[in-house]
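# Close look at the chain arrangement
Each chain, written out:
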Amino acid sequence: MNSITPVILSGGSGTRLWPLSREAHPKQFLPVIGAHSLLQATALRLRGLSAQAPIVVANESHRFLVAEQLQAIGVPAGALLLEPVGRNTAPAIAAAAFQALAADAEAVLLVMPSDHAITDVDGFQAAVVQALPAAQGGAIVTFGIVPEAPETGFGYIKAKAGEGVRGIERFVEKPDTATAEAYVASGDYFWNSGMFLFKARVYLDELAKTHPLMVELAETAVAKAQRDADFIRLDKDAFSAMASDSIDYAVMEKTDAGFVLPIRVGWSDVGSWQALWQVAEQDGNGNAHHGDVLALDCRNTLAMGEKRLLALLGLDDIVVVDTDDAVLVAHKDRVQEVKDIVARLKAEQRPQATWHRKVFRPWGNYDSVDAGARFQVKRIVVKPGAALSLQMHHHRAEHWIVVSGTARVTCDDKVFMLSENQSTYIPLGSVHRLENPGNIPLELIEVQSGGYLGEDDIVRFEDVYGRSPDAKSP
């Protein structure tokens, strides 16, 4: 066959775009640029190429988000590989390579991170076509971005002299400002985009030269993978035993088969609020605003709000990001340090590091709108035809009030219907389930009361989504 098999890497956590990006709902699933999420934009970027359905490698906890977002744009995954733990890009690509080889012994992989942005899609596709003959001939081609500024947040690739696809002289780490300026002035250095084109077998052969155990374990992880509906769960023991390493360190810095194709395609890794500001639409004063923002005498600011009015006065080079449960105010020169705030939140075990106030589940979502010492109020939306697990709580009772749609309620040995403006009470310890049998979303208000209201107070008896009985989610 020898056609292109895209591999979309979707395992990142996006901590530098906190508070909009959270561990449970990272930046690749957010529409930070345009109407589509970054993951959806990555998948749509493939249209027009002669390519197979993409292999997506994702965190197991994000599996329903990936599947739902791809389904929404009509781009089903050829395979959705679930990582039981994060092991960086080299193992993830190795697993995808074995998956691709099962269908095509000559498979050529187009590896793309799921959380980057490209404005010139036609230019990107033309670059892939240009690089394809070299990849088919055994080259491991990376796409180097022609630098537009002396960025210190990117790694650089020094290319050998030539045109088009050319040899790589060396990879260099993130430089200081003076070094980056010299790199850009020379014209020989390009930003490392993290995108690659190569034959699956060539990648595995090169990886095996320095990491033979990684290749062996990747093959085992795919061979022993468990099929679960539309998902392929990589074998936990084999995948977890692999060393965590990037494709750059494991392969590209050691191989003689590495080549680079410099490109200008409006690329951004959207790796910080500064990077997002650079690619966002700006007004005449360099301000990029999303939501209800009122700015007076401001220059070069980024402001993003979800629901409330944001008023900015007399600010230069400031980032303001407002979400339901957290607000970030930072100077653009310091936004790379947002990851340190996330680390502090995790150390203090604060939920804002992981969760939004609005939490997405395979059956829909819930929004925790208010809470007190012995109560919590949630707005719950259940998708048509979806159902929560059959479950029980030890420490709380629940009141359900239907706002719109129709609910089928199971409470112990009773099953009954509720329609708009009707309500019911679920006593503490009762086995219960909420379902939406209708054709429109079911929206209801849930009032929880009790001595403990944590999400881990759940005993699951049945679940149509294959979640384990001790999974800490409704």
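A brief structural summary. Values in this document were obtained by computation on a predicted structure and should not be read as measured data.

Here we come to empty space enclosed by the protein. Overall, the coordinates contain 2 cavities of 30 Å³ or more when judged by the stated rule. Split into classes, the residues belonging to the lining of the second largest cavity amount to 2 nonpolar, 4 polar and 3 charged.

Further remarks concern a nonpolar patch on the surface. On the surface, Leu294, Leu296, Leu309 and Leu313 cluster together into a nonpolar patch covering about 420 Å² of accessible area. Along the chain, Leu309 falls in the loop between strand S16 (302-305) and strand S17 (310-313). By relative accessible area, Leu309 is classed as exposed at 51%.

On to the nonpolar core, then. One broad trend across soluble globular proteins is that nonpolar side chains are buried collectively. Grouped together as the largest cluster of nonpolar side chains are 63 residues, with contacts concentrated most on Leu110, Phe143, Leu197 and Leu434. Looking at this core element by element, the count peaks at 6 residues for helix H4 (residues 121-136). In contact with Leu197, not counting residues within four places along its chain, are Val108, Leu109, Leu110, Val128, Ala131, Leu132, Ala135, Ala139, Ile140, Val141 and Phe143. The next biggest cluster of nonpolar side chains, apart from the first, holds 51 residues, and it includes Ile140, Phe190, Phe196 and Val260.

Tracing the chain through its elements places Ser246 in the loop between helix H8 (236-240) and helix H9 (247-252). What makes Ser246 buried here is its relative accessible area of 13%. Setting aside its immediate chain neighbours within four residues, Ser246 contacts Asn88, Thr89 and Ala90.

By secondary structure assignment, the location of Asn436 is in the loop between strand S28 (432-435) and strand S29 (442-450). A relative accessible area of 2% places Asn436 in the buried class. In this structure the side chain of Asn436 is engaged in a polar contact, spanning 3.3 Å, whose partner is the backbone oxygen of Lys383. For Asn436, the side chain forms a polar contact with the main-chain oxygen of Ile440, separated by 2.9 Å. With near-sequence residues (within four places) excluded, Asn436 lies in contact with Val382, Lys383, Pro384, Gly385, Ala386, Thr406, Pro441 and Leu442.

For the coordinates displayed, the defined rule picks out 25 salt bridges. Of the charged contacts, one joins Glu68 and Lys383 as a salt bridge, the two residues approaching to 2.5 Å between their closest N and O atoms. Of this pair, Glu68 sits in helix H2 (residues 63-72) while Lys383 sits in the loop between strand S22 (375-382) and strand S23 (390-392), placing them 315 residues apart in sequence. By sharing partners, the salt bridges in this structure join Lys307, Asp324, Arg357 and Asp367 into a single network.

Moving on, we get to the sheet that holds strand S19 (residues 327-331). Read from one edge to the other, the open sheet built from 4 strands follows the order S14-S16-S18-S19, with strand pairing classed as mixed. Across the chains shown, the open sheet's two edge strands, defined by having one partner strand only, are strand S14 (288-290) and S19. With strand direction ignored, the average angle separating the axes of adjacent strands in the sheet is 5°. Of the strand pairs in this sheet, S16 and strand S18 (residues 318-322) are connected by 4 bridges, and their pairing is parallel. By the bridge assignment for S18, Ala303 is matched with Val320.

About the thresholds
- Residues numbered from 1 in each chain as written.
- Predicted model: local features only at pLDDT ≥ 70, side-chain atom pairs only at ≥ 80, totals over all residues.
- Heavy atoms only, no water.
- 1 Å grid on protein atoms, 1.4 Å probe; cavity = no way out; pocket = protein on both sides within 12 Å on 5 of 7 lines; lining within 4 Å.
- Points joined across faces, edges and corners; volume = space filled by probe spheres on them.
- Nonpolar A, V, L, I, M, F, W, Y, C, P; charged D, E, K, R; others polar.
- Patch = residues over 30% accessible without salt bridge, like charges linked within 9 Å, V, L, I, M, F, W, Y side chains within 5 Å.
- Areas by Shrake-Rupley, 256 points an atom, 1.4 Å probe, with all protein chains shown as cover.
- Salt bridge = Lys/Arg side-chain N within 4 Å of Asp/Glu carboxyl O.
- Helix = DSSP H or I, 4+ residues; strand = E, 2+ residues; numbered from the N terminus.
- Buried < 20%, exposed > 50% of the residue type's maximum accessible area, 1.4 Å probe, protein only.
- Core = buried A, V, L, I, M, F, W, Y, C linked by side-chain atoms within 4.5 Å.
- Contact = heavy atoms within 4.5 Å.
- Polar contact = N/O pair within 3.5 Å; in protein donor to acceptor, adjacent residues only side chain to side chain.
- Pairing = 2+ DSSP bridges.
- Axes fitted to C-alpha atoms, helices over the stretch in contact; angles between N-to-C directions.

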